[in-house]
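Examination of the molecular architecture
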Amino acid sequence: MNFEDIYCFFRNPPPLYLNQELAVCYILDILLQDDSYGTELIARLEHESSTYRLSDTVLYSAIKFLEANGTIVGYWKKVEGRGRPRRMYQIDPEWTAKAKELAHFWQRYSSGHPTAKNTSAFDSRALSVGS
């Protein structure tokens, strides 16, 4: 390593990989806009951001978490010109308000604003449907 390496790192830093908490909020942000599927979620993040990336492992772990909690629903969609159907995801209508709340955390994080100091929004009681 030399000093030029350090300057190069800060001129062109490597992408940051999302953890599961950020991935959940990112997924909800995208699904509030339209239904989507796994590889599109990864590609869209890479296309829209030079800063962030999402691994398959974290993505599908976050999707599994969201499905297990009833936040999102998966369905199969046949795509013309594609041999097998795609697994699409959408937000359960009962979760729309909470999805917007969590998506806001991603929006603030990704736009460079500090994350909320008040973490009460993440209180498990606050995340139950109908609260």
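Because the structure is a prediction, the values reported are computed rather than measured. (Residues numbered from 1 in each chain as written. Predicted model: local features only at pLDDT ≥ 70, side-chain atom pairs only at ≥ 80, totals over all residues. Heavy atoms only, no water.)

**Section: the overall build of the protein**
When you go through the protein residue by residue, the secondary structure sums to five helices and five strands. Across the protein, the fraction of contacts at a sequence separation of at least 24, relative to all contacts at a separation of at least 6, is 54%. Carbon and sulfur atoms form 54% of the exposed surface of the protein, whose accessible area is close to 8700 Å². (Helix = DSSP H or I, 4+ residues; strand = E, 2+ residues; numbered from the N terminus. Contact = heavy atoms within 4.5 Å. Areas by Shrake-Rupley, 256 points an atom, 1.4 Å probe, with all protein chains shown as cover.)

**Re the side chain of Ser-36**
Structurally, the position occupied by Ser-36 is in strand β2 (residues 36-37). Classification of Ser-36 by relative accessible area gives buried; the value is 2%. There is a polar contact of 2.5 Å between the side chain of Ser-36 and the side chain of Glu-40. Ignoring anything within four residues of it in the chain, the contact list for Ser-36 reads Ile-30, Leu-31, Leu-41, Arg-87, Met-88 and Tyr-89. (Buried < 20%, exposed > 50% of the residue type's maximum accessible area, 1.4 Å probe, protein only. Polar contact = N/O pair within 3.5 Å; in protein donor to acceptor, adjacent residues only side chain to side chain.)

**Some details on the environment of Tyr-109**
Structurally, Tyr-109 is set in helix α5 (residues 96-110). Judged by relative accessible area, which is 27%, Tyr-109 ranks as partly exposed. It is 8.5 Å that separates the C-alpha atoms of Tyr-109 and Leu-22, two residues lying 87 residues apart in sequence.

**Quick word on the pattern of salt bridges**
Side chains that differ in charge, positive against negative, can pair when their charged atoms come close. Scanning all chains against the criterion turns up five salt bridges. Between Glu-48 and Arg-44 there is a salt bridge whose closest N-O contact spans 2.9 Å. Placement of the pair is Glu-48 and Arg-44 together in helix α3 (residues 38-48), with a separation of four residues, close to one helical turn. Across the pair Glu-46 and Arg-53 runs a salt bridge whose closest N-O atoms are separated by 3.9 Å. The class of Arg-53 is buried, set by a relative accessible area of 18%. (Salt bridge = Lys/Arg side-chain N within 4 Å of Asp/Glu carboxyl O.)

**Here's the deal with the packing of helix α2 (residues 20-33) against α3**
Packing of α2 against α3 brings their axes to within 11 Å, and their N-to-C directions diverge by 100 degrees. Taken together, the axes of α2 and α3 lie roughly perpendicular to each other. Contacts between α2 and α3 involve Tyr-26, Ile-27, Ile-30 and Gln-33 on the former and, on the latter, Leu-41, Arg-44 and Leu-45. Residue composition of the contact of α2 with α3, by class: five nonpolar, one polar and one charged. (Axes fitted to C-alpha atoms, helices over the stretch in contact; angles between N-to-C directions. Parallel < 35°, antiparallel > 145°, perpendicular 65-115°, else oblique. Nonpolar A, V, L, I, M, F, W, Y, C, P; charged D, E, K, R; others polar.)

**Let's talk about the environment of Leu-102**
Checked against the element boundaries, Leu-102 lands in helix α5. C-alpha separation for the pair Leu-102 and Cys-25, spaced 77 residues apart in sequence, amounts to 5.3 Å.

**Overview of the sheet that holds strand β4 (residues 72-77)**
What the three strands build is an open sheet, ordered β2-β5-β4; its pairing is antiparallel. At either margin of the open sheet sits one strand with a lone partner, and together these are β2 and β4. Those strands touched by helix α4 (residues 56-68) are β4 and β5 (86-91), and its axis lies near 110 degrees from that of β4. (Pairing = 2+ DSSP bridges.)

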